[in-house]
Amino acid sequence: MATLNTKTGQVVDRSVLDSMLRRRMFYTPSFEIYGGVSGLYDYGPPGCALVTNIVDLWRRHFVLEEDMLEVDCTMLTPHDVLKTSGHVDKFADWMCKDPKTGEIFRADHLIEEVLEARLKGDKEARGQKVVVDEEKEAKKKKKVKETKAVKLDDNVVKQYEEILAQIDNYDGHELAELIAVHDIRNPTTGGNLLPPVSFNLMFQTSIGPSGNLPGYLRPETAQGQFLNFQKLLEFNQQGMPFASASIGKSFRNEISPRSGLLRVREFLMAEIEHFVDPEGGKKHPRFDEVKDVEMTFLNRAVQLSGSTKTEQMTIGKAVESGLVDNETLGYFIARIQLFLLKLGVDKKKLRFRQHMANEMAHYATDCWDAELQTSYGWIECVGCADRSAYDLTVHKNKTGAPLVVRETRAEPLRIEEWQIDLDKKKFGPRFKKDSKTVEAAVDALSQELREKLALDLDQNGKIEVDVEGVGSGKVELEKDLIKIEKRTRVENVREYTPNVIEPSFGIGRILYSVIEHVYWSRPEDAARGVLSFPPVIAPTKVLLVPLSTHPSFRPLTQRMMAKLRRMGVANRVDDSSASIGKRYARNDELGTPFGITIDFQSVKDNTFTLRDRDTTKQVRASEDEILQAVKSLVDGEETWEDIRKRLPEFTGQDVE
Ligand SMILES: Nc1ncnc2c1ncn2[C@@H]1O[C@H](COP(=O)(O)OP(=O)(O)OP(=O)(O)O)[C@@H](O)[C@H]1O
């Protein structure tokens, strides 16, 4: 499949890029010599450096900038935690099986693939231009039955487009209906499929040798952060709002991993949990700093109408108009955009898509995905959800841990309420081992019920209370045991469960999308690929290229290398016998932004040339000036244009 580089106007063929990434060992299938396992990848040296640099930037952009509290929690998680969070019951996708071949498909992806193929066939039949993915096509020609050029009824085309625009919005029952109504079959054999069933994506294991403690590999880092909330609040000296952050591996047993790094079974996540007071409209103290950031939005209503039309506006306007639910959510959406742009993401290929109702967890207030356009389509790379008070509430209810904020009120609050007094001396002997259960049931009575029971007690001298698991499930309490009265309570402390805004980043998806966005090839030679990473994330920042193997060059190269290292600038020496053009070409593919050439002039007067990867222009200056320029470029203090303006251009030698 092809992708457009909007800066160079080149259409980039994914297969060419893929083979370059393999050749340069950015990443590679795991266990390949054993045949590999789909959805598992290893990163090679440039891939590792890229991941490290992206994570470093993430830490600086979010954790340091906002004083977030970073934690590193375990990946092994006991069953009870993930049962309470809802993952054991709900963290699932729908899959359907071909009973004849045994093949398994993820239901929504299958419908998407088949309907897209039919729409493509329709376009062909109507003589409209279709962008062809040659690699995919070659495979399909052999097998897929759905790509025939068949003209569809206009209404069917509209229906298909509507389904595709909201493909993430269907539950299992609706997917089953779509499969039946639109006759979706196994695309390779044409065989009928069994109705979709739910498949939990967590990898199950047991912790310890007894096998008595079931657990899972975590599917996200979030739960560890919620469970530490109380300690983090204390660490933060009870200050609210605050955010925790975590970077670590997560695991999902994806039904059909595909699209390289975009859907894998083990991946690095970077997540933030920002805890905010639900009262007062979830304002953010730094919202003003981002309010003018222009963004591209694809809202829920548009998707439901079967369209993918986006609109541009500032985040300030989006929050003001209610499109984005609140300032804190808006603040993070804008900060996510700023982060992605720093990485080299092409702004024209970035949009924020709002979740539709079914797509969103039932407790979420609003949710937006940062999607990046790649040759695989629009891909969610960052999710940003307002999870309300759900997570802290369920863990608090299950464990009794006070996952709440307690704040002294400026003005004490006077509350009129129905209060209950139990005669504990009589209560124990009467209910014996059930005393605690009965007491808890009485404590849990709502204000409405208490009012009604007070009346009953007054009139009949006794009341009946529902107590699950005790006797018949109903317990009688007489006047001598219980008193219910309306009294005034003065509350000096306000207690509340914070809401959580959660930006959640998949580092692998971001990394791959950035690679696609910054890839292009030299116009004079399509085989010469270039990865125009911004210096801040480039795996290696500087290539040192001695032009000769003459012994007088060695001390200069060594000294430059040592000085760059001391400055913390990742560099490599290429003193191979390859031509200088070849050496630069190799490093263009690795995305190395700068090259320092050491030539005979350098030996004479200690001046060096500095080459910019993207323009291939060079400047010449003294050792100190070149080193200072490199530092300033790598730190993002100056651009290449700034350097060119202040250092003399070097045109003396055609290094290409
Ligand atoms: N299988 C995966 N492989 C790589 N990255 C992933 C995978 N699943 C999720 N991510 C990353 O983690 C981030 C947060 O996860 P989230 O639970 O929001 O994803 P999701 O909605 O389940 O993704 P999808 O709908 O694509 O399966 C995503 O934005 C993405 O970058």
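All values reported here derive from a predicted model rather than from experimental measurement.

1. Details of the packing of helix H5 (residues 107-125) against helix H8 (residues 172-181)
Phase 1: Between H5 and H8, the shortest axis-to-axis distance is 10 Å and the interhelical angle comes to 30 degrees. In terms of crossing hand, the pair formed by H5 and H8 is left-handed. Between H5 and H8, the residues in contact are Ala107, Asp108 and Ile111 and Leu175, Leu178 and Ile179, respectively.

2. Digging into the environment of Thr437
Phase 1: Mapped onto the secondary structure, Thr437 falls in helix H17 (residues 435-443).
Phase 2: Apart from residues no more than four positions distant in its own chain, Thr437 is found in contact with Val467, Glu468 and Val470.

3. Re the site of the ligand
Phase 1: What surrounds the ligand is a group of 15 residues, the closest being Glu254, Arg263, Val264, Glu380 and Cys381.
Phase 2: At 2.7 Å, a side-chain N or O of Glu254 approaches a nitrogen atom of the ligand.
Phase 3: In the model, a nitrogen atom of the ligand is placed 2.9 Å from a nitrogen or oxygen of the Val264 main chain.
Phase 4: Across the complex, the protein chains shield 81% of the 590 Å² of accessible surface that the ligand would expose by itself.
Phase 5: Looking at the shell around the ligand, the elements with two or more residues in it are strand S13 (266-276), strand S18 (377-386) and strand S23 (499-506).
Phase 6: Tallying contributions element by element places S18 first for the shell around the ligand, with 4 residues.
Phase 7: Here the residues of the shell around the ligand are counted per class, giving 7 nonpolar, 3 polar and 5 charged.

4. As for the nonpolar core
Phase 1: With 69 residues, the main nonpolar core has Trp58, Phe297, Ile315, Leu340, Phe505, Leu531 and Phe533 as its most contacted residues.
Phase 2: The element that contributes the greatest number of residues to this core is helix H14 (residues 327-343), accounting for 9 residues.
Phase 3: Counting residues in each nonpolar core, the second largest holds 24 residues, with Leu556, Ala629, Leu633 and Trp640 among its members.

5. Concerning the pairing of strand S21 (residues 474-478)
Looking down a regular strand, the side chains alternate between one sheet face and the other.
Phase 1: Of the two faces of S21, only one is covered, namely that formed by Val475 and Leu477; the face formed by Lys474, Glu476 and Glu478 stays uncovered.
Phase 2: With 5 bridges joining them, strand S20 (residues 462-466) and S21 adopt antiparallel strand pairing. Looking at S21, one finds that Asp466 is bridged to Lys474.

6. Focus on the sheet that holds strand S15 (residues 311-314)
Phase 1: Read across the sheet, 9 strands follow the order S5-S12-S13-S23-S18-S17-S16-S14-S15 without closing on themselves; strand pairing throughout is mixed. At either end of the open sheet lies a strand with only one pairing partner, and these are strand S5 (69-70) and S15.
Phase 2: Bridge analysis of strand S14 (residues 294-298) against strand S16 (residues 350-354) gives 2 bridges, and the strand direction is parallel. Within the sheet, the bridge partner assigned to Leu298 lies in S16 and is Arg353.
Phase 3: Lying over the sheet, H14 contacts S13, S14, S16, strand S17 (366-374), S18 and S23, oriented at roughly 140 degrees with respect to S18.

7. Regarding the pattern of salt bridges
Phase 1: Under the criterion given, the structure shown has 56 salt bridges.
Phase 2: Where Glu495 meets Arg406, a salt bridge forms, and the shortest distance between an N and an O atom there is 2.8 Å. Linking Glu495 in strand S22 (residues 482-496) with Arg406 in strand S19 (residues 405-422), this pair joins segments that are 89 residues apart in sequence.
Phase 3: Take Glu495: its relative accessible area is 48%, and that puts it in the partly exposed class.
Phase 4: Assessed through its relative accessible area of 48%, Arg406 is described here as partly exposed.
Phase 5: The closest approach of N and O atoms between Glu491 and Arg409, which form a salt bridge, is 3.0 Å. Taken together, the positions of Glu491 in strand S22 and Arg409 in strand S19 put the pair 82 residues apart, joining distant regions of the chain.
Phase 6: Look at the salt bridges and you will find they share partners, linking Asp168, Arg351, Arg353, Glu359, Asp369 and Glu371 into a network.

8. Comments concerning unusual backbone geometry
For residues besides glycine, phi is generally negative; the peptide bonds are generally trans as well.
Phase 1: The residue after Met240, namely Pro241, is reached through a cis peptide bond having omega -5 degrees.
Phase 2: Considering the arrangement of structural elements, one finds Pro241 in the loop between helix H10 (229-235) and strand S12 (242-251).
Phase 3: Backbone geometry at Phe31 places phi at a positive 55 degrees, although glycine is not the residue there.
Phase 4: With a phi close to 45 degrees, Lys432 is a non-glycine residue in the positive phi region.
Phase 5: You can see Lys432 is positioned in the loop between helix H16 (424-431) and H17.
Phase 6: Residue classification places Lys432 among the exposed residues on the basis of a relative accessible area of 63%.

9. Quick word on H14
Residues that lie three or four places apart on an α-helix share one face, since the helix turns once every 3.6 residues.
Phase 1: Here H14 contains 17 residues, and its C-alpha end-to-end distance of 24 Å stays within 8% of the 24 Å for a straight helix at 1.5 Å per residue.
Phase 2: In this structure Asn326 caps H14, since a side-chain oxygen of it lies 3.2 Å from the backbone nitrogen of Thr328.
Phase 3: Residue Gly344 follows H14 closely and has a positive phi angle near 105 degrees.

10. Comments concerning the UniProt feature "domain: Aminoacyl-transfer RNA synthetases class-II family profile" (unreviewed entry) in the protein chain
Phase 1: Per the UniProt annotation, the sites labelled "domain: Aminoacyl-transfer RNA synthetases class-II family profile" (unreviewed entry) are residues 202-523.
Phase 2: Summarising residues 202-523: 30% helix, 36% strand, and an end-to-end C-alpha distance of 47 Å.

11. Looking at the pairing of strand S29 (residues 607-612)
Phase 1: In terms of residue burial, S29 counts as a mostly covered element, since 6 of its 6 residues are buried.
Phase 2: Of the two faces of S29, the one lined by Thr607, Thr609 and Arg611 and the one lined by Phe608, Leu610 and Asp612 are each fully buried.
Phase 3: Strand direction decides the pairing type here: strand S28 (residues 594-598) and S29, joined by 4 bridges, are antiparallel. Within S29, the position partnered with Phe594 by the bridge is Asp612.
Phase 4: Relative to strand S30 (residues 618-622), S29 runs antiparallel, the two sharing 5 bridges. Note on S30: the bridge partner recorded for Thr607 is Ser622.

12. Details of H17
Phase 1: Buried residues of H17: Ser435, Val438, Ala441 and Val442, and no others. Looking straight down H17, one finds its buried side chains confined to an arc of 135 degrees; they lie on one side. Counted as exposed and oriented over 90 degrees from the buried face of H17: Lys436 and Asp443.
Phase 2: Contact partners of the buried residues in H17: S19, H16, helix H18 (447-460), S20, S21 and S22.

How each quantity is defined
Residues numbered from 1 in each chain as written. Predicted model: local features only at pLDDT ≥ 70, side-chain atom pairs only at ≥ 80, totals over all residues. Heavy atoms only, no water. Axes fitted to C-alpha atoms, helices over the stretch in contact; angles between N-to-C directions. Helix = DSSP H or I, 4+ residues; strand = E, 2+ residues; numbered from the N terminus. Left-handed = near helix turned anticlockwise from the far one by under 90°. Contact = heavy atoms within 4.5 Å. Near = heavy atom within 4 Å. Polar contact = N/O pair within 3.5 Å; in protein donor to acceptor, adjacent residues only side chain to side chain. Areas by Shrake-Rupley, 256 points an atom, 1.4 Å probe, with all protein chains shown as cover. Nonpolar A, V, L, I, M, F, W, Y, C, P; charged D, E, K, R; others polar. Core = buried A, V, L, I, M, F, W, Y, C linked by side-chain atoms within 4.5 Å. Buried < 20%, exposed > 50% of the residue type's maximum accessible area, 1.4 Å probe, protein only. Pairing = 2+ DSSP bridges. Salt bridge = Lys/Arg side-chain N within 4 Å of Asp/Glu carboxyl O. Expected span 1.5 Å × (residues − 1). UniProt positions renumbered as here; feature names shortened; annotations may be inferred. Arc of directions from axis to C-beta.

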